[in-house]
Amino acid sequence: MSPSPSSPSSSPSAMSRRGVLRGATAGGTALALGALASGAATAASTALAGSAPGAAAAAGGPSWDPVRFGSSYTARPPDPGAVLLGGPGFAVHGDGEGDDTAALQAAVDEASRRGIAGKLGDILGGARDFPHGDGGGVVLVPAGGYRLTGPVDVHDSVRIVGFGARRPVFVLGAATPGYAAGTARDVFSFRRRPVGGPVSYANNDTFGSGLVNLDIRIGPGNPDAIAVRFGGAQSCLLQDLDIDAGSARAGIDHNANLIHRVRVRGGEVGLHAYAASAGWQTTLLDCRFEGQRRAAVSMFNDAKLVVVRTAFSGTPRAFESAPDQWQHLHVQDSHFEGVSDAVAVLNDSDSLPGAGNDLIRRSNQLTLLDCTATGTRDLLLLAQSGARTSGPRPSGRIRELTYGLRVENALGRRESRREGVYADLARGAPGALVRAGLRADTPAPPPVGEWVSVADVAAEMGRTIGAGEDDLDVFQAAVDRHETVFVPIGQYLFTDTLELRAGTSLIGLHPRQTWLLAADGHPHFADPDAPRALLATPRGGRNTVSGLGLDTARRTAGSVNLLWRSGAGSYLADIVTQFVKWHPEDVQSGDPGYAYRGAHKYGIWVRGGGGAMATCGASTAGRRTGCWSRTPTCRRGCTRSPSSTTRRARWCCAGSATGRSSACRRRTTSTAGARRRWRSSAAPTSCSPARCSSASPPCRARTRTRSGCATRSASPCAATAATATRHRSSRSGAPRSATPVPDGPCPRPSSR
């Protein structure tokens, strides 16, 4: 039941903006209405873009959607290690009519064989019946239509990447045999093992698999079809996809690390989400769901979804939990258009099996933050009690809605905890406000035509790279001469820091198959009190770094994977660090168990850096910190590693885009489920970057309290005041000077 504003005390002028919280056990809700919008809301389209796959949303899309969806690789990436579909041995029809299933599977198998032979990204080292190497690689698919008649196994660590002015389209033809037999059947199946191994679905042994820049269309008469059976442990992604599920069962089934710029139309369910392997969160970023018959997202066992800048339209429910399951669901900067029943349907916390245990009952948590809604009935429906929390009509803003454990004045002497529903809403959601909330900060890669392969630079210099010799001079020459440098599949040895220029983009296609490796035992990386980065970006630069693995080897206690100092507009994404250095000598089986045996202190430094970060896995096991920052910013979220969850760190802008100067303070001191999950590395916390000054006291206090990113360190604040290596001397000779990293309590961060 929704609270009624009929009494005098509940008028907007009289009602406290913070609202009144009542216990969920009493079935109560709370509503806090801000000032009403002065005019009627601008009507928005009730459906997402219906353009052909690969076309920009701007052509016929809804007026409120600022994101352009199209091909992110308009030409063939220059990677000789990739397998080309349609190349020799992998001939296809490419017309959408002839059956190309066998050719695509053969290309994926070949990419996996090359990965086994290359032994890159060797996580398990031959344990658990794995071959050495991830068995990973890249399959490049040109624009065209490719008809499929059965499942395609995407082996461990293989990525299928489309290219062309329009994305390639994979089509499951009408009434394809096997997709109407009453049992769910995949079109693309993410698998646990490399080619030749036992066939099972991806799990905690699966690293780096992905579908990128392609579209999937399921024809009519395939009611049991699932476009993608997703899954994996780390660095797995679905990115730049259009999935037209039609009358199928689901667009995506199961989930892994990142689902980015993916549009799902139709299907009974858009995404059927489960707890991802190893318990990591799954992040949906800049996605669109339209026209699902039952729910856009159906959640089973604690799916741990973090949903950012995603729109839902023309569906009964945006999110729906299975019975008897608790959820950690965090939704931010998202939009709901024509959701006819409820945005979120969750179980009453008191009805969960074992609800008498506080840890179980309080694990059922929802946060909606800075969202908008138009033509949407209710925001929350509790399934067992039938209690509903209504949204503002006909349109409005969801400044904050929480259900479950709510912590206010966190980590202070006035900290309080409550359970129930809290809503801070305001009527009116003009199109400009919706567009502002959905505007992306994750840029598409630079045009492929502008890429210069570092292998070509090496050829110009008469050098060979990736052969075990020092490759640093070639890489430095490449980034000094060219704005966008492409790194092909391989392993490249560095004896010192690769320093990017202010506008450099450094791009690979697969982080577990494209490694920058510190020279083991080199004196430049020897001193843990004068640490030096393998890769460094300039202060205030506008850089894109993506698709790379950073390995600081074994005997390099003074090495750091990355020093990030880039400014606004920069992007760090799809990055991994190698965290299994060698097999522990005392383990007879040789199974490393993902163990780290090193003396490194730091993984990734964020020193004055801004921009956006996504799917960055920074190892912490055995290190003092995996990721730390001395930047006094409000963060959307950090994650401990090993994991490949999204982490986004952005500057807090001076001033307030919405005129609510208290937003930063309010969100620093009062969040619901997200607070607990931040502590366990699963969800973003909550200062919105446009709503607080970088010098505001709440932001500084929070940065000091949180000490940058979550860490397993016994002394997580030790690195806060550290300064990075000063790059002054030549590439050879004695190590360059650096300020030692102090131990002890956090100093107060500066406001710079």
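Worth saying up front: this structure is predicted, and the values here are computed from it rather than measured.

Some details on the overall build of the protein chain
Within the protein chain, the secondary structure is distributed over 8 helices and 43 strands. Sorting the 752 residues of the protein chain into buried and exposed places 62% on the buried side. A separation of at least 24 residues holds for 70% of the contacts in the protein chain among residues at least 6 apart in sequence. Accessible area for the protein chain stands at about 25,000 Å²; split by element, carbon and sulfur atoms hold 52% of it.

Quick notes on the packing of aromatic side chains
Under the counting rule described, the total for this entry stands at 11 aromatic pairs. Both rings, one in Phe 190 and one in Phe 230, keep their centres 5.1 Å apart while their planes meet at 85°; by these two values the pair is edge-to-face. In this pair, Phe 190 sits in strand E9 (residues 185-190) while Phe 230 sits in the loop between strand E11 (225-229) and strand E12 (237-246), placing the two residues 40 residues apart along the sequence. Judged on exposure class, the residue Phe 190 and its partner Phe 230 are both buried.

Describing empty space enclosed by the protein
If you walk through the whole model with that rule in mind, you get 6 cavities of 30 Å³ or more. Looking at the largest cavity, its volume works out to about 270 Å³. Together, 22 residues line the largest cavity, and Tyr 73, Gln 239, Ser 546, Gly 547 and Asp 574 are the ones closest to its centre. At the level of secondary structure, the elements contributing two or more residues to the lining of the largest cavity comprise strand E7 (158-163), E12, strand E14 (258-266), strand E37 (544-551) and strand E39 (571-577). Broken down by class, the residue content of the lining of the largest cavity amounts to 12 nonpolar, 7 polar and 3 charged.

Examining the pairing of strand E36 (residues 532-536)
Of all 5 residues in E36, 5 are buried; the element is thus mostly enclosed. In the sheet, strand E33 (residues 498-499) pairs with E36 via 2 bridges, with the strands oriented parallel. Paired with Glu 499 across the strands is Ala 536, a residue of E36.

Focus on the environment of Ala 342
By the secondary structure assignment, Ala 342 is in strand E24 (residues 342-346). Taking relative accessible area as the criterion, Ala 342 reaches 0% and is therefore assigned buried. A sequence separation of 47 residues divides Ala 342 from Thr 389, and the C-alpha atoms of the two residues are 8.8 Å apart. Those residues within four positions of Ala 342 in sequence are excluded, and the remaining contacts are Pro 316, Arg 317, Ala 318, Asp 378, Leu 381 and Arg 388.

Observations concerning the side chain of Thr 310
Turning to its location among the elements, Thr 310 is positioned in the loop between strand E19 (305-308) and strand E20 (311-313). Side-chain polar atoms of Thr 310 contact the backbone nitrogen of Cys 287, separated by 3.3 Å. Those residues in contact with Thr 310, other than ones at most four positions away along the chain, are Leu 284, Leu 285, Asp 286, Cys 287, Arg 288, Phe 289, Asp 333, Ser 334, His 335 and Leu 438.

Quick look at the sheet that holds E9
Spatial ordering of the open sheet is given by E6-E9-E11-E13-E15-E18-E21-E24-E26-E27, a layout of 10 strands whose pairing is mixed. Edge positions in the sheet fall to strand E6 (152-154) and strand E27 (388-390), since each has one partner strand and no second. In this sheet, neighbouring strand axes are inclined to one another by 15° on average, regardless of whether the strands run parallel or antiparallel. Pairing between E9 and E11: 4 bridges, direction parallel. Paired with Ser 189 across the two strands is Arg 229, which belongs to E11. Those strands touched by helix H1 (residues 101-118) are E6 and E9, and its axis lies near 15° from that of E6.

What to know about H1
Across its 18 residues, H1 extends 26 Å between first and last C-alpha, which sits within 8% of the 26 Å expected from 1.5 Å per residue. All of the buried residues in H1 are Thr 101, Ala 103, Leu 104, Gln 105, Ala 107, Val 108, Asp 109, Ala 111, Ser 112 and Gly 115. Lys 119 sits one or two residues past H1 and shows a positive phi near 55°.

So, the pattern of salt bridges
On inspection of all chains with the given rule, the structure shows 35 salt bridges. The shortest N-O distance in the salt bridge between Arg 481 and Glu 460 comes to 3.9 Å. One end of the pair, Arg 481, is in helix H5 (residues 472-481); the other, Glu 460, is in helix H4 (residues 454-460), and 21 residues separate them in sequence. A residue is classified by how much of its surface remains accessible, and Arg 481, at 48% relative accessible area, is partly exposed. Note on Glu 460: relative accessible area 60%, which makes it exposed.

Digging into the confidence of the model for the protein chain
Caution applies to low-pLDDT regions: their predicted coordinates should not be interpreted in detail. Predicted confidence across the protein chain gives a mean pLDDT of 76, with 70% of residues reaching 70 or more. Segment residues 1-60: pLDDT under 50, and 139 contacts once partners within four positions in sequence are set aside and those in other chains are kept. Counting interchain partners and residues more than four positions distant, the pLDDT-below-50 stretch residues 621-752 has 366 contacts.

Considering the pairing of E9
Burial analysis of E9 places 5 of its 6 residues in the buried class, which makes it a mostly covered element. As paired strands, E6 and E9 are joined by 3 bridges and run parallel to one another. Within E9, the position partnered with Val 154 by the bridge is Phe 190.

Looking at the environment of Ser 200
Along the chain, Ser 200 turns up in the loop between E9 and strand E10 (210-218). For Ser 200 and Asp 153, which are 47 residues apart along the polypeptide, the C-alpha to C-alpha distance reads 9.7 Å. Residue contacts for Ser 200: discarding those within four places in its chain leaves Phe 190, Arg 191 and Arg 192.

Focus: the side chain of His 330
For His 330, the position within the fold is in strand E22 (residues 328-332). Looking at His 330, its side chain comes within polar contact range of the side chain of Gln 332, at 3.0 Å.

Concerning the nonpolar core
Counting 77 residues, the largest nonpolar core has Phe 188, Leu 211, Phe 319 and Phe 336 as its most contacted members. Every residue in contact with Phe 188, bar those within four places of it in the chain, is listed here: Leu 104, Leu 148, Val 152, Val 154, Ile 160, Phe 170, Leu 211, Ile 216, Ala 227, Val 228 and Arg 229.

Here's the deal with unusual backbone geometry
The omega angle of the peptide bond from Arg 393 to Pro 394 is 0°, so this bond is cis rather than trans. Secondary-structure assignment places Pro 394 in the loop between E27 and strand E28 (395-408). In this structure, Asp 370 is a non-glycine residue whose phi angle is positive, near 55°. Relative to the helices and strands, Asp 370 resides in strand E25 (residues 365-374). The exposure class assigned to Asp 370 is buried, which follows from its relative accessible area of 9%.

Focus: H5
The buried fraction of H5 amounts to 7 of the 10 residues, a majority that puts the element mostly inside the structure. When H5 is considered as a whole, its buried residues turn out to be Leu 472, Val 474, Phe 475, Gln 476, Ala 477, Ala 478 and Val 479. Along its buried surface, H5 packs onto H4, strand E31 (484-486), strand E32 (490-494), E33, strand E34 (505-507) and strand E35 (514-518).

The rules behind the values
- Residues numbered from 1 in each chain as written.
- Predicted model: local features only at pLDDT ≥ 70, side-chain atom pairs only at ≥ 80, totals over all residues.
- Heavy atoms only, no water.
- Helix = DSSP H or I, 4+ residues; strand = E, 2+ residues; numbered from the N terminus.
- Buried < 20%, exposed > 50% of the residue type's maximum accessible area, 1.4 Å probe, protein only.
- Contact = heavy atoms within 4.5 Å.
- Areas by Shrake-Rupley, 256 points an atom, 1.4 Å probe, with all protein chains shown as cover.
- Phe/Tyr/Trp six-rings, centres within 6.5 Å; stacked < 30°, edge-to-face > 60°.
- 1 Å grid on protein atoms, 1.4 Å probe; cavity = no way out; pocket = protein on both sides within 12 Å on 5 of 7 lines; lining within 4 Å.
- Points joined across faces, edges and corners; volume = space filled by probe spheres on them.
- Nonpolar A, V, L, I, M, F, W, Y, C, P; charged D, E, K, R; others polar.
- Pairing = 2+ DSSP bridges.
- Polar contact = N/O pair within 3.5 Å; in protein donor to acceptor, adjacent residues only side chain to side chain.
- Axes fitted to C-alpha atoms, helices over the stretch in contact; angles between N-to-C directions.
- Expected span 1.5 Å × (residues − 1).
- Salt bridge = Lys/Arg side-chain N within 4 Å of Asp/Glu carboxyl O.
- pLDDT = per-residue confidence, 0-100.
- Core = buried A, V, L, I, M, F, W, Y, C linked by side-chain atoms within 4.5 Å.

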